Amino acid sequence: MRRPRSQRRAVDEAREAHDAGARRRALGLVAAVLAASCSRGGGGEQDAAPAGSAGRAPASSGAGAGQGQRRAPAAVKELEVRKLAPGAAVTIDGRLDEPAWQAAARTGPFVNVGTGREDPSLPTQGEARLLWDDGFLYVGFDVSDATITGGFPQDARDPHLWERDTVEVMIDPDGDGDNKDYYEIQISPQNLVFDSQFDDYNAPRGGPSGPFGHQEWSAGLTSAVALRGTIDDGSDQDGGYVVEAKIPWTAFAKARSAPPSPGDAWRMNFYAMQDNGGAAWSPILGEGNFHRARRFGRVRFVGAGGEAGGAGAAARDAGPAPVGAAARDAGPAPSTAPPGAEGAAGVKRGAAAPSAPAGPKPGYRADPPDR
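Just so you know, the residues in each chain are numbered from 1, in the order the chain's sequence is written. Where local features are concerned, this predicted model is filtered to residues with pLDDT of at least 70; where side-chain atom pairs are given and counted, the filter is 80 or more; whole-chain, interface and lining totals use all residues. The side-chain figures draw on all heavy atoms in the structure; neither hydrogens nor water molecules are used.

> How do you make sense of the sheet that holds strand 9 (residues 240-248) when you look at a structure like this?
Pairing between the strands of a sheet is mediated by backbone hydrogen bonds and can be parallel or antiparallel. Any two strands are treated as partners once DSSP identifies two or more bridges connecting them. Runs of E in the DSSP output that reach at least two residues are strands. Runs of H or I that reach at least four are helices, and both are numbered from the N terminus. Strand order across the open sheet formed by five strands is 2-3-4-9-8, with antiparallel pairing between neighbours. Two strands lie at the open edges of the sheet, namely strand 2 (105-106) and strand 8 (222-228), each paired on one side alone. Bridge count for strand 3 (residues 124-132) against strand 4 (residues 136-145) is nine bridges, and the pairing is antiparallel. Bridged to Thr 124 within strand 4 is Asp 145.

> Explain the nonpolar core here, please?
For soluble globular proteins, the rule of thumb is that nonpolar side chains tend to be buried together. Among the nonpolar cores identified, the biggest contains 41 residues, and Leu 137, Phe 141 and Phe 270 are the most heavily contacted of them. In contact with Phe 270, not counting residues within four places along its chain, are Thr 107, Phe 110, Ala 128, Leu 130, Val 139, Phe 141, Glu 168, Val 169, Ala 279, Ala 280 and Trp 281. Nine residue types can take part in a nonpolar core, namely buried Ala, Val, Leu, Ile, Met, Phe, Trp, Tyr and Cys, and a core is a set of them joined through side-chain atoms within 4.5 Å. Relative accessibility thresholds used throughout: buried, under 20% of the residue-type maximum; exposed, over 50%; partly exposed, between the two (1.4 Å probe, protein chains only). Of all hydrophobic cores here, the second largest spans 17 residues; its members include Phe 198, Tyr 271, Met 273 and Phe 290. Residues count as neighbours in contact if any of their non-hydrogen atoms are within 4.5 Å of one another.

> What is the right way to look at the packing of aromatic side chains in this model?
Ring pairs shown here join Phe, Tyr and Trp side chains whose ring centres sit within 6.5 Å, with only the six-membered ring taken for Trp; geometry is labelled stacked below 30 degrees between planes, edge-to-face above 60, and tilted in between. All told, the structure shown has 17 aromatic pairs when counted by the stated rule. Where Trp 132 meets Phe 301, the ring centres are 5.4 Å apart and the plane angle is 70 degrees; that geometry is what we call edge-to-face. Taken as a pair, Trp 132 in strand 3 and Phe 301 in strand 12 (residues 297-302) lie far apart in primary sequence, 169 residues in all. Each member of the pair, Trp 132 together with Phe 301, is buried. By the ring-pair criterion, three or more aromatic residues cluster together here, those being Trp 132, Tyr 183, Trp 217, Trp 249, Phe 252, Trp 266 and Phe 301.

> Explanation requested: the environment of Trp 101 in the structure shown.
Note on placement: Trp 101 falls in helix 3 (residues 99-102). Judged by its relative accessible area of 0%, Trp 101 is buried. Placed 17 residues apart in sequence, Trp 101 and Leu 84 show a C-alpha to C-alpha distance of 9.7 Å.

> What exactly am I supposed to notice about the pattern of salt bridges here?
Any Lys or Arg side-chain nitrogen located within 4 Å of an Asp or Glu carboxyl oxygen qualifies as a salt bridge. All told, the structure shown has six salt bridges when counted by the stated rule. When the shortest N-O distance is used, the salt bridge between Asp 134 and Lys 83 registers 2.8 Å. With Asp 134 in the loop between strand 3 and strand 4 and Lys 83 in the loop between strand 1 (78-82) and helix 3, the pair connects residues that are 51 residues apart, well separated along the chain. The class of Lys 83 is partly exposed, set by a relative accessible area of 23%. A salt bridge links Asp 142 to Arg 228; its shortest N-O distance comes to 2.9 Å. Note that Asp 142 is positioned in strand 4 and Arg 228 in strand 8, a separation of 86 residues in sequence.

What follows is the structure in structure tokens.
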């Protein structure tokens, strides 16, 4: 039975209206997809070392770099560090047992460098403590590691410690995060040291095997290591190690002012590493590798009574952020360092010792390749 013409016209108009709406929705969906695609495109400076520099390869790319471009940078971590009280002393013996260390500023558990969150899956976990006086910056690391690895000749100078187990300190004295004139110091479970000074992000660099930065620079530090386990012995499970060091302010010739004054803020980062990977105090969040100074945390120096900033103890956490990156450090080998042996510079090597007392239990996260 044929519908009246008026009914046919109404059906046709309804069908045309439906089809037009479907076309509009489809066009809107295509436009949204194109817009999202454009927002992910393009390379920012976090995708590579600055133009003209000889920087190391970036730690992350792809989704990680895109996330970094789409979001405002997450705040970095901050820590207030008290000056040693008059008459207080720290003995560099690999044992963080003096009263000063018990009251020292602590970073809290290190985090995954890519996510900014604690990551129990990482094989190395840790935290750092800080003190200072007019002569030295004091740094203590407590690292959890079930397979302590050394493997370098005991007289090695500036060995590539990141290829095995090590702790690392990055220091930007000016505190501006611009990667100009910063320092790198690593200390391994063998109590070997790699130290270098950089003019710019990862620069200078002599090639894939280095030299990395101005390796002729020396921090002139004194350090000691205490092991909870046996180095380079795969037949047992280790507990980790403690690194204790004091670094003279006179080493930082590029600093505007050293020692700092109460109220001054430097940029620093702290890492615990294994096989070119590890965990950090302040995460890099896909913005480069471990040398990205704008991601270093802010360390503010305060007086013994907390003047110019208040009491320094717990770190203020800037919270999580974007995606992950890669890892950095490589492979074991036998160590020749006997407990209590003297190093090439007369620094006492760490003997087996009890764990550093008190403080939050170390925790960990992942990181980007440094070299």
